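Below, each chain spelled out in residue letters.
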Amino acid sequence: FGDAGCMVTNDDALAENLLRLRNHGRKSHYNYEGYGLNSRLDALQAEVIRIKLKLVNEYNEKRQSIAARYETALRDVAYIQTPTTVYGEHTYHQYAVVIHQEICGMSRDMVAKELEQHGIGTRVFYPQSLPMIDYLRTRDDLQLATPIADFLTSNILALPIWPEMSEEQVDHVINVLKTVPLGVMSHRSSSAQVA
C-alpha cells in the first residue's frame, strides 16, 4: 500500500540480525548492539503485507508464466535477447530484454518509443553502470572498465510484467515487438524512395 516490504528466512541467526538491523541496531529498547536503520513497518503496511503474503506464490507463478510466454515468443526475434535463468527460480519482478541496434537499426529508446505509440509502457531500470555514478567515483585508481555493464545500461529495456496482465495484453506486447522494427524500417525505405 506504498513503500514497504518484508524479509523471510528459516535461518534463526539471520532472522535475529535482520530484526536488529531494522530496529536501530538494537535487540531490545535502548540496547544497541550495532548498526541499524528505522525500517519498522507501521500497522497498516504490515496488514497489507500479511494479506499479500497469501498471494505471493500465485503472483510469482503468474509472472513466471508471462516470462515463459515472452521467452518462447521472442526467442527467434533476432534483435531481442531475452533473459536466461542460469540456476534457481526467477520471480521476474522485472522482465528486461536487450535490444540489439546493430540488427534492427533502432536504438533501445526508439523501440521504447514505438512500443509507447502502441500503448505499451516500458522502463529502463539502472540506466548507469556503477563506475558512471558520480557518488561512487571516489578515486581515479578505482575506476574499472565495465564494457558489458555499459552496453547493457544503454540497450536493456524492461517489458510490462505484472500478475494481473491478461493474455491479450501479453499477446499485444509480443506482436508489437515482432512487427515494429519491420514496420519502421519499411516505412523508412518507402520514405527514402519518395524523396
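Residues numbered from 1 in each chain as written. Predicted model: local features only at pLDDT ≥ 70, side-chain atom pairs only at ≥ 80, totals over all residues. Heavy atoms only, no water.

1. Some details on the overall build of the chain
Now for step 1: Along the backbone of the chain there are 7 helices and 5 strands.
Now for step 2: Tracing the chain from N to C terminus, the helices and strands come up as α-β-β-α-α-β-β-α-α-α-β-α.
Now for step 3: Computed over its C-alpha atoms, the radius of gyration of the chain comes to 22 Å, more than 25% above the 16 Å expected for a compact globule of 195 residues.
Now for step 4: Counting only C-alpha atoms, the chain reaches 75 × 50 × 30 Å along its principal axes.
Now for step 5: A separation threshold of at least 6 residues defines the contact pool for the chain, and within that pool the share at least 24 residues apart is 62%.
Now for step 6: A total accessible area of about 13,600 Å² is found for the chain, and carbon and sulfur atoms account for 55% of it.
Now for step 7: Put simply, the chain has 19 plus and 24 minus side-chain charges, and the middle of one group is 4 Å from the middle of the other. (Helix = DSSP H or I, 4+ residues; strand = E, 2+ residues; numbered from the N terminus. Rg over C-alpha atoms; globule rule 2.2 N^0.38 Å. Contact = heavy atoms within 4.5 Å. Areas by Shrake-Rupley, 256 points an atom, 1.4 Å probe, with all protein chains shown as cover. Lys, Arg positive; Asp, Glu negative; His and termini not counted. Charge placed at Lys NZ, Arg CZ, Asp CG, Glu CD.)

2. Notes on the sheet that holds strand β4 (residues 95-99)
Now for step 1: Within the open sheet, the 3 strands sit side by side as β3-β4-β5. Their pairing is antiparallel. Because the sheet does not close on itself, it has two edges, and the strands there are β3 (80-81) and β5 (156-159).
Now for step 2: Across the sheet, helix α5 (residues 108-117) lies against β4 and β5, angled at about 20 degrees from β5, the strand it touches most. (Pairing = 2+ DSSP bridges. Axes fitted to C-alpha atoms, helices over the stretch in contact; angles between N-to-C directions.)

3. Quick notes on the pattern of salt bridges
Should their charged atoms come close, side chains of opposite charge can pair.
Now for step 1: Under the criterion given, the structure shown has 8 salt bridges.
Now for step 2: Of the charged contacts in the structure, one is a salt bridge between Arg-20 and Glu-33, with a shortest N-O distance of 3.2 Å. Of this pair, Arg-20 sits in helix α1 (residues 12-22) while Glu-33 sits in the loop between β2 (31-32) and α2 (43-53), and the two are 13 residues apart along the sequence.
Now for step 3: Its relative accessible area of 15% is what places Arg-20 among the buried residues.
Now for step 4: One salt bridge in this structure joins Glu-47 and Arg-50, with 2.6 Å as the shortest N-O distance. Pair noted here: Glu-47 and Arg-50 are both in helix α2, with a separation of 3 residues, about one helical turn.
Now for step 5: Look at Glu-47 and you get partly exposed, because its relative accessible area is 35%.
Now for step 6: Each of the salt bridges in this network shares a partner with another, and the network as a whole consists of Glu-16, Arg-20, Lys-27 and Glu-33. (Salt bridge = Lys/Arg side-chain N within 4 Å of Asp/Glu carboxyl O. Buried < 20%, exposed > 50% of the residue type's maximum accessible area, 1.4 Å probe, protein only.)

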